[in-house]
Amino acid sequence: MQLSPKVERVLNDQINHELTAFYAYMAMAAWFEQTPYKGFSTWMQAQSKEELTHADKIFHYISERNGSIKLKEIPLDDYSFKTPLSVFEAALILEESTTAAIHDVYELSLKEKDFETQNFLNWFLKEQIEEESSVRDMIDKLKLSNGSPSALMHLDSVAGKRPL
Ligand SMILES: [Fe+2]
Ligand SMILES: [Fe+2]
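Residues numbered from 1 in each chain as written. Chains lettered and ligands numbered in written order. Predicted model: local features only at pLDDT ≥ 70, side-chain atom pairs only at ≥ 80, totals over all residues. Heavy atoms only, no water.

1. Concerning the packing of helix H2 (residues 38-64) against helix H4 (residues 115-145)
We apply this condition: Fitted lines through C-alpha atoms give the axes, limited to the stretch in contact for helices. The angle between two N-to-C directions lies from 0 to 180 degrees. Secondary structure is summarised from DSSP: a helix means a run of H or I of at least four residues, a strand means a run of E of at least two, and numbering begins at the N terminus for each. Here the angle decides the label: under 35 degrees means roughly parallel, over 145 means roughly antiparallel, 65 to 115 means roughly perpendicular, and every other value means oblique. In this analysis, two residues are considered to be in contact whenever any of their non-hydrogen atoms come within 4.5 Å of each other. We call Asp, Glu, Lys and Arg charged. Ala, Val, Leu, Ile, Met, Phe, Trp, Tyr, Cys and Pro are nonpolar, and the rest, Gly among them, are polar.
Packing of H2 against H4 leaves a shortest axis separation of 12 Å and a crossing angle of 170°. The angle between the axes of H2 and H4 places the two elements in the roughly antiparallel class. Along its contact with H2, which presents Phe40, Trp43, Gln47, Glu50, Glu51, His54, Lys57, Ile58 and Tyr61, the element H4 presents Glu116, Thr117, Phe120, Trp123, Phe124, Glu127, Glu131, Ser134, Val135, Met138 and Leu142. Of the residues contributing to the contact of H2 with H4, the split by class is 10 nonpolar, four polar and six charged.

2. As for the environment of Pro5
Here Pro5 lies in helix H1 (residues 5-33). Each C-alpha atom, one on Pro5 and one on Gly67, is 8.5 Å from the other, the two residues being 62 residues apart in sequence.

3. Here we look at the pattern of salt bridges
The cut-off we apply is this: Put simply, a salt bridge is a Lys or Arg side-chain nitrogen that is within 4 Å of an Asp or Glu carboxyl oxygen. Categorising residues by exposure relies on relative accessible area from a 1.4 Å probe, with only protein chains included: less than 20% of the type maximum marks a residue as buried, more than 50% marks it as exposed, and the intermediate range marks it as partly exposed.
Applying the stated criterion across every chain yields a total of eight salt bridges. Residue Glu96 is joined to Arg136 by a salt bridge in which the shortest nitrogen-to-oxygen separation is 3.6 Å. In this pair, Glu96 is assigned in helix H3 (residues 84-111) and Arg136 in helix H4, connecting sequence segments 40 residues apart. Note that Asp137 and Lys141 form a salt bridge whose closest N and O atoms lie 3.1 Å from each other. Highlighted residues: Asp137 and Lys141, both in helix H4, separated by four residues, approximately one helical turn. Residue class for Lys141 comes out partly exposed when judged on its relative accessible area of 39%. Through salt bridges with shared partners, a single network forms among Glu96, Glu132 and Arg136.

4. Topic: the coordination of the iron ion (ligand 2)
Six octahedral donors at a metal ideally form angles of 90 or 180 degrees, and four tetrahedral donors ideally form angles of 109.5 degrees. Here is the rule: Keep in mind that water is not among the atoms, so a site may look incomplete; donors are the N, O and S atoms within 2.8 Å of the metal, or 3.2 Å for Na, K and Ca.
Each protein donor to the iron ion (ligand 2) is listed here as Glu51 (OE), Glu95 (OE), Glu95 (OE) and Glu131 (OE); together their distances run 1.8 to 2.5 Å. In this structure, the iron ion (ligand 2) lies 3.4 Å from the iron ion (ligand 1), and both are coordinated by Glu51. Of this pair, Glu51 sits in helix H2 while Glu95 sits in helix H3, placing them 44 residues apart in sequence. Like Glu51, the residue Glu95 is buried in the burial classification.

5. Here's the deal with the coordination of the iron ion (ligand 1)
At the metal site, the iron ion (ligand 1) is ligated by Glu18 (OE), Glu51 (OE) and His54 (ND1), and these contacts range over 2.0 to 2.1 Å. Note on Glu51: relative accessible area 0%, which makes it buried.

6. Some words on the packing of aromatic side chains
In this description, a pair of aromatic rings is defined by centroid distance and the angle of the planes. Quick reminder of the rule: Classification of ring pairs rests on two measures: the distance between centres of Phe, Tyr or Trp rings, Trp counted by its six-membered ring, which must be within 6.5 Å, and the angle between planes, read as stacked under 30 degrees, edge-to-face over 60 and tilted in between. For a ring to carry a charge above it, either NZ of a lysine or CZ of an arginine must fall within 6 Å of the ring centroid while also lying within 35 degrees of the normal to the ring plane.
Enumeration over the complete set of coordinates arrives at 13 aromatic pairs. Between Trp31 and Phe32, the ring centres sit 5.2 Å apart and the planes meet at 70°, which makes this aromatic pair edge-to-face. Judged by centre distance (5.7 Å) and plane angle (50°), the ring pair of Tyr37 and Phe40 falls under tilted. Accessibility classification places Tyr37 together with Phe40 in one group, the buried group. Aromatic ring contacts, followed pair by pair, group Trp31, Phe32, Tyr37, Phe40, Trp43, Tyr79, Phe81 and Phe88 into a single cluster. One Lys or Arg, Lys57, reaches over the ring of Trp123 and ends 4.1 Å from the middle of that ring.

7. Here we look at a nonpolar patch on the surface
To be explicit about the condition: Any residue with relative accessible area above 30% and no salt bridge may belong to a patch, with like charges joined within 9 Å and the nonpolar Val, Leu, Ile, Met, Phe, Trp and Tyr side chains within 5 Å. For the area figures, the Shrake-Rupley method with a 1.4 Å probe applies, and any residue is considered shielded solely by the protein chains shown.
Taken together, the side chains of Tyr23, Met26, Ile74 and Leu76 present a nonpolar region at the surface, about 340 Å² in accessible area. On the secondary structure map, Tyr23 appears in helix H1. When its relative accessible area of 37% is taken as the criterion, Tyr23 is described as partly exposed.

So, in structure tokens, the structure goes:
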């Protein structure tokens, strides 16, 4: 069945949201590149690549449902940070807003009786649990390090092992 215009619109908005997250994580990686924390930069680059794959999934889903893909401008907020902790706190806000956006698409697909889109979004709901959890985990560890350079360097090296 053809996508309803409303579902098509919010799925296109979600592509933009994922690409905005891609760009935001790139900006966070760029901030880390100016610091000694190259491992955190790697973590952020890996995360930004994941966001691209999310946008890609929705792109292909719209196409498979015979909808039309409409790309929009990607906003870039001011990403100037003070500490590694503040970067991950911004990442958590970003992930929570992504989860809320997916909830909105899910709610609309329920209203529109679009069962295929609900099924498609289940993957995203699960993914958001993982993403929020991994960012929260890093925030907890950064708080525990309490700004200690040796603890931060250790966390940085662990973060840097994330495959790109
Ligand atoms: Fe995402
Ligand atoms: Fe994400």
